[in-house]
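# What the coordinates show
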Amino acid sequence: QGTGGSSAVSKCSAAARGYIQDRFLQLLVGRPRRRAPLVHRGYYIRARAVGHCVQDFLLKTQSHPRTQIVSLGAGFDSLYFRLKDIGLLHHAVVYEVDFPNVACQKATLIKQTKELSALVGDTGGEGLGVITFSGEDYKLLGVDLSELSELERALEEAGLDNEIPTLFIAEVVLTYMENSRSDALIQWAAKHFSQACFLLYEQMHPEDPFGRVMQQHFSQMNSALNSLARYPDCEAQQMRFFEKGWTECSVMDMNEFFTCCTPEDEQQRMQALEPFDEYEEWHLKCSHYFVLTASKGMEPSWTPLLSNMTVPHRDGPVRTAGSITAAACPMHSEVSGLRRYGHHSVLIKPNVILTTGGFGEEDGRHCRMRNFHVLIKHAGCWKAGYVKKENPDKRWDERLYHTVSCLSNSLALVVGGRTSPSSAGLGMLWLKFPEICNASEPDDVTVELVSLQPAAEPAALRWRHSTTEVIFKGEKYLFLYGGRSAVEPVLGDWCFLHTQELSCVVIPVEGPVPESRHSHSACSWKGGVLIAGGLGAAEQPLGSVFFLRELEHGFQWQTVETHPPLSPRYSHTAHVHDGKLLLVGGVWFHSSVPGVTVIDLITGLCLDYTINVEHLEWPLMLHNHSSVFLQNEKELLLIGGGGNCFSFGTHLNPEPVSLSLSNILASH
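Residues numbered from 1 in each chain as written. Predicted model: local features only at pLDDT ≥ 70, side-chain atom pairs only at ≥ 80, totals over all residues. Heavy atoms only, no water.

### What to know about the overall build of the chain
Counting its secondary structure elements, the chain contains 15 helices and 40 strands. Relative to a compact globule of 668 residues, whose C-alpha radius of gyration would be 26 Å, the chain shows 28 Å and is just as compact. Counting over 668 residues, the chain shows a buried share of 59%. Entry remark: accessible area of the chain is about 26,300 Å², with carbon and sulfur atoms responsible for 49%. Separation between the mean location of the 56 positive side-chain charges and that of the 74 negative ones in the chain comes to 3 Å. (Helix = DSSP H or I, 4+ residues; strand = E, 2+ residues; numbered from the N terminus. Rg over C-alpha atoms; globule rule 2.2 N^0.38 Å. Buried < 20%, exposed > 50% of the residue type's maximum accessible area, 1.4 Å probe, protein only. Areas by Shrake-Rupley, 256 points an atom, 1.4 Å probe, with all protein chains shown as cover. Lys, Arg positive; Asp, Glu negative; His and termini not counted. Charge placed at Lys NZ, Arg CZ, Asp CG, Glu CD.)

What follows is the structure in structure tokens.
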């Protein structure tokens, strides 16, 4: 009941911001509370999926003299009032079922609210046992859904007819029941109704990192998601319905629904509603919820989820070439400064890693990170500590999604980043550190921040971009590419920053220009740059790889062909070693979690490896992380990562993780 109340508040907040059209929610929910943009999007896609299927049912059954909708666990949902208001209930009756106390509260609200009671037209048949409210085309019943015989008796008493087309709706309801009871309900609906449809919206994928955080959230609220263990994915849910007597069943996750069943102009309208920069969590949320429609005895058949676009069906797991074992880093440290995401880590000397910025945990609270953090490897063990800044950190601006490029062993350049997604990107900043050769303690490292006057090329006012060293005619430049800004949700431009003057220099570039992207990876290679993946203009992950190659008179974009084709992804990190491009983690639309992908830059062969996390005691979320490749040891250090997992809480990887790549790099 608690989850029902909080979801009604979230829907109400989404309606207030224009995500969904619903003027009745506020009458049922009361004083609105504003939720975060990520939550708005989550409830938008839920409302969109349910609305799409319900309207499709009503349109397909228009020729029938009578139809009915049964909303199971309806809570304070406004479905009946919306459908009635737009004139879609000419020959349909809506039955809503929920716990007796919820149904009584809702009945009282309807009676007390003129606008609601006027729509229903009270016939005065309520208060008779389980029927808490009764209108001509609306019946509100107070029954515990898990007591099937009581439910059947109540619906019969309220006038439900099992010979006419009937749509059952269960929107995150059945999963709170014991499986034996929810299964019995699904089977009963198929068995007792000659022309029936079922609409189910629910969670899935309990075992990956996001799924584990999601499960933990519901368990802590004492409302465990019971169906996940037995029905962990779309295929299992589909089999469940076939086994319980339904003859047709289609199912898709919400990434697929948004891409295939939401018109492009509507996608763009939603994406522009408020400043947003939590793409990873939005796509992960959508990959952990599905919408399912099943039917039996319907003529013509009811298939609202067959999209009118020919998009390849849901991506299954990726074929893998093997696995790499993750190990928590042996570490001497009392500071938790690496619990962060959206930060940047850079090797400033052999065995010295500087981490700056991001959002994370400092002094027991979540905030944008002010402290710089250093990891030093000494005698085979990492030591961690905060860095002494030589001057006040006002100029740092607590940035996320910036880049840091080492230009010498005592100087690095910070480019871009942001504070909030609605404010302009931040400019450039020097970081100076003394030339320490044999630092063995974090205290040995100091960093001085030096502002640039003027703070930068306008080109630097961006975030989620890349800054990569290139060489042209023997001179070093930083190639600043892609990203986004407060005005442009995705950028496709670039500039060559001369490392001495820090001004943009025009160098000719020929060849097919890559499509705009942010959250891609970029690595220096052979004097040029390798760009891989990223999130494109329609918030769709990209699978392209480009090489910006140095020519005599400038550079040239070249496409790197991979086979099999690289799975589209973004928010990953990348490194080049010995003619191989390594892509680490990220977010993609497959049902598995990205591990390490190795692309042979000579042959184009592309191999995926999973990361074996059995030795870690916590979920390893590999997006918005940073990684450092230690060439000599062939060891990859994964630092930070995680994010705000929808309304389930923030997950931050608690400590750095080490991956030994010697086996997979040797085998190529």
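This is not the end of the story, as more comes after the structure.
### Things to note about unusual backbone geometry
Geometrically, the link from H563 to P564 is a cis peptide bond, its omega value of -5° lying close to zero. Looking at the secondary structure, you find P564 in the loop between strand 31 (555-559) and strand 32 (573-577). The backbone phi angle of K473 is positive, close to 50°, even though this residue is not glycine. By secondary structure assignment, the location of K473 is in the loop between strand 23 (466-472) and strand 24 (475-481).

### A word on the domain arrangement of the chain
Along its sequence, the chain is organised into domain 1 (48-296) and domain 2 (320-660). Taking only C-alpha atoms into account, the centre of domain 1 sits 43 Å from that of domain 2. At the junction of the two partners, domain 1 supplies 24 residues and domain 2 supplies 36 residues. In total, domain 1 and domain 2 occlude about 2,600 Å² of area from one another, counting both sides; carbon and sulfur atoms represent 59% of this. Looking at the side of domain 1 facing domain 2, the largest losses of area belong to D277, Y279 and E280, adding up to 25% of the total buried there. One can count four salt bridges joining domain 1 with domain 2. Summed over the shared surface of domain 1 and domain 2, the number is 15 residue pairs in polar contact (both at pLDDT 80 or more). (Domains from an automatic or database assignment. Contact = heavy atoms within 4.5 Å. Buried area = accessible area lost by both parts, 1.4 Å probe. Salt bridge = Lys/Arg side-chain N within 4 Å of Asp/Glu carboxyl O. Polar contact = N/O pair within 3.5 Å; in protein donor to acceptor, adjacent residues only side chain to side chain.)

### A look at the pattern of salt bridges
When the charged atoms of two side chains lie near each other, side chains of opposite charge can form a pair. Summed over all chains, the structure comprises 31 salt bridges. The residue D137 makes a salt bridge to K84 at a minimum N-O spacing of 2.8 Å. Of this pair, D137 sits in the loop between strand 3 (131-134) and strand 4 (138-142) while K84 sits in helix 4 (residues 79-85), placing them 53 residues apart in sequence. For K84, a relative accessible area of 27% corresponds to the partly exposed category.

### Details of the side chain of H40
Position of H40 relative to the elements: it lies in helix 3 (residues 37-60). Within the structure, the side chain of H40 is placed 2.6 Å from the side chain of E274, a separation counted as a polar contact. In this structure H40 touches S13, A14, R17, Y19, R35 and E274, once residues within four positions along its chain are discounted.

### Brief notes about the packing of helix 7 (residues 148-157) against helix 8 (residues 179-192)
For the pair helix 7 and helix 8, the least separation of the axes is 11 Å and the interaxial angle reads 40°. For the element pair helix 7 / helix 8, the angle class is oblique. Handedness of the crossing formed by helix 7 with helix 8: right-handed. Here helix 7 contributes L148, L151, E152 and L155 to the contact with helix 8, which in turn contributes A184, L185, W188 and H192. Broken down by class, the residue content of the contact of helix 7 with helix 8 amounts to six nonpolar, one polar and one charged. (Axes fitted to C-alpha atoms, helices over the stretch in contact; angles between N-to-C directions. Parallel < 35°, antiparallel > 145°, perpendicular 65-115°, else oblique. Left-handed = near helix turned anticlockwise from the far one by under 90°. Nonpolar A, V, L, I, M, F, W, Y, C, P; charged D, E, K, R; others polar.)

### Looking at helix 12 (residues 254-261)
Summarising burial for helix 12: eight of the eight residues are buried, a large majority. Within the span of helix 12, buried status applies to M254, N255, E256, F257, F258, T259, C260 and C261. Of the surrounding secondary structure, the elements contacted by the buried residues of helix 12 are helix 3, strand 6 (196-203), strand 7 (248-253), helix 13 (264-271), helix 14 (279-287) and strand 8 (289-296). For helix 12, the N-terminal cap is D253; the gap from its side-chain oxygen to the backbone nitrogen of N255 is 3.0 Å.

### A short note on the side chain of T67
Residue position: T67 is located in strand 1 (residues 67-72). For T67, the contacting residues outside a window of four places in its chain are F57, L58, T61, H91, A92, V93, I164 and P165.

### Focus on the sheet that holds strand 18 (residues 388-389)
Taken in spatial order, the five strands line up as 18-22-21-20-19 in an open sheet, and their pairing is mixed. Of all the strands in the sheet, the pair left with one neighbour each is strand 18 and strand 19 (403-408). As judged from the four bridges shared by strand 21 (residues 428-432) and strand 22 (residues 446-451), these two strands associate in the antiparallel manner. By the bridge assignment, L431 is partnered in strand 22 with L449. (Pairing = 2+ DSSP bridges.)

### As for the pairing of strand 31
Summarising the sheet, strand 27 (residues 509-510) and strand 31 pair through two bridges and their orientation is parallel. Paired with V509 across the two strands is F555, which belongs to strand 31. Note: strand 30 (residues 545-550) against strand 31, five bridges, orientation antiparallel. Opposite R549, over in strand 31, you have Q556 as the bridge partner. From the end of strand 30 to the start of strand 31, which pair antiparallel, there are four residues.

### Concerning the packing of aromatic side chains
Considering all chains together, one arrives at 33 aromatic pairs under this definition. Measuring from centroid to centroid gives 5.4 Å for Y201 and Y289, while their planes differ by 25°, and the two rings are stacked. One end of the pair, Y201, is in strand 6; the other, Y289, is in strand 8, and 88 residues separate them in sequence. Its relative accessible area of 4% is what places Y289 among the buried residues. Aromatic ring contacts, followed pair by pair, group F472, F479, Y481, W494, F496, F546, F555 and W557 into a single cluster. (Phe/Tyr/Trp six-rings, centres within 6.5 Å; stacked < 30°, edge-to-face > 60°.)

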